[in-house]
Amino acid sequence: EKQYGSMCGQHCLNNLLQGPYFQAEDLANIAHELDEQERKLIGGAAGGESNNVDEAGNFSVQVLSTAIQRGYDLSMVQDRKATDAILKRLEGNDASLSKGDDVAFVCNLRNHWFALRSLRGEMWNLNSLKKRPEKISLFYLSAFLAQLREEGYSIFVVK
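What comes next concerns the included structure. Since this is a predicted model, take the numbers as computed values, not measurements. (Residues numbered from 1 in each chain as written. Predicted model: local features only at pLDDT ≥ 70, side-chain atom pairs only at ≥ 80, totals over all residues. Heavy atoms only, no water.)

1. Some remarks on the pairing of strand 4 (residues 122-125)
Keep this limit in mind: In this scheme, a residue with accessible area under 20% of its type's maximum is buried, one over 50% is exposed, and one in between is partly exposed, where area comes from a 1.4 Å probe on protein chains only. Starting at the N terminus, helices and strands are each numbered in turn, a helix being any DSSP run of H or I of at least four residues and a strand any DSSP run of E of at least two. Note: two strands are recorded as paired if DSSP finds a minimum of 2 bridges between them.
Of the two faces of strand 4, the one lined by Met123 and Asn125 is fully buried and the one lined by Glu122 and Trp124 carries no buried residue. When strand 3 (residues 112-119) meets strand 4, the two strands line up antiparallel, connected through four bridges. Across the sheet, the residue bridging to Arg117 is Trp124, located in strand 4. Taking the residues between adjacent antiparallel strands as the criterion, strand 3 and strand 4 are bridged by two residues, where Arg120 takes a positive phi near 50°.

2. Side note on the pattern of salt bridges
Basically, it comes down to this: Think of a salt bridge as a Lys or Arg side-chain nitrogen and an Asp or Glu carboxyl oxygen that are within 4 Å of each other.
Counting across every chain of the model gives four salt bridges. A salt bridge links Arg70 to Glu33, with the nearest nitrogen and oxygen atoms 2.7 Å apart. Residue Arg70 is found in helix 3 (residues 61-72), and its partner Glu33 is found in helix 2 (residues 24-42); the two are separated by 37 residues along the sequence. When its relative accessible area of 45% is taken as the criterion, Arg70 is described as partly exposed. Note on Glu33: relative accessible area 35%, which makes it partly exposed. For Lys135, the salt bridge identified is with Glu122, shortest N-O distance 3.1 Å. Residue Lys135 is found in strand 5 (residues 134-136), and its partner Glu122 is found in strand 4; the two are separated by 13 residues along the sequence.

3. Comments concerning the packing of aromatic side chains
Worth spelling out the cut-off: Two aromatic rings from Phe, Tyr or Trp, using only the six-membered ring of Trp, form a pair when their centres are within 6.5 Å; if the ring planes differ by under 30 degrees the pair is stacked, by over 60 it is edge-to-face, and anything between is tilted.
All chains considered together, the criterion is met by five aromatic pairs. A ring pair is formed by Trp113 and Phe156, whose centres lie 6.1 Å apart and whose planes are at 35°; its orientation type is tilted. Taken as a pair, Trp113 in strand 3 and Phe156 in strand 6 (residues 154-158) lie far apart in primary sequence, 43 residues in all. Residues Trp113 and Phe156 agree in their burial class; the two are buried. Measuring from centroid to centroid gives 5.7 Å for Tyr140 and Phe144, while their planes differ by 50°, and the two rings are tilted. With Tyr140 and Phe144 both in helix 5 (residues 138-150), this residue pair falls four residues apart, about one helical turn. Tyr140 gets classed as partly exposed once you look at its relative accessible area, which sits at 43%.

4. Some words on helix 1 (residues 8-17)
Owing to its 3.6 residues per turn, the α-helix aligns residues three or four sequence positions apart on the same side. This is how it is decided: By definition in these notes, contact holds between two residues if any of their heavy atoms fall within 4.5 Å.
In terms of burial, helix 1 is largely enclosed, as 10 of its 10 residues are buried. If you check which residues of helix 1 are buried, you get Cys8, Gly9, Gln10, His11, Cys12, Leu13, Asn14, Asn15, Leu16 and Leu17. Where helix 1 is buried, its residues contact helix 2, helix 3, strand 2 (104-109), strand 3 and strand 6. At the C-terminal side of helix 1, Gln18 shows a positive phi close to 65°.

Such coordinate-based values are descriptive only and should not be taken to indicate function.
Here it is as C-alpha cells:
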C-alpha cells in the first residue's frame, strides 16, 4: 500500500497484513477510546488533546498495537532479546525461511511507521515511502535492523 498523507501507521498495518484491513477512521476510533480510558485513569476532563493521534493522522504505538491485537490476535513487542532470538533462529536456517515461517517487525521513528515481514519465504521491507517493496536477504536483515536502531528507530516484533 503506497503512502498518502501522514497515514503511515495505517499503511504499515495494511502492508503488514497484506490488505486494506484498516481505514483511518478505524484507527482514529481506537485512538479516541484509548484517550478516554487514559482520562478516566488519571481523572482528567473529557475532551482535550489526544495523546494517541495528532491532527495529521499520526497514530501512537498503543493505537497500532490495539488494532492488530483486537482484529488479528497479534501483538507488537519492543523486545531486543526477542528480535535477537529471531535473527539467531534465521541464521540457523542457512539464510532461508520456510513458507510457513512468518516473521514480522514494525519499525518506528518519530512519526513514521513501516513493516518488515516474510512473504513466500523471503523478507520484505514494506516501507510505504518506497516506490515498491524491497527484498531483504536474511544475511542482510540483522545489519539492516542494527542500522535502524542506530538511526533511532524503535523495532517491535510482531507475534
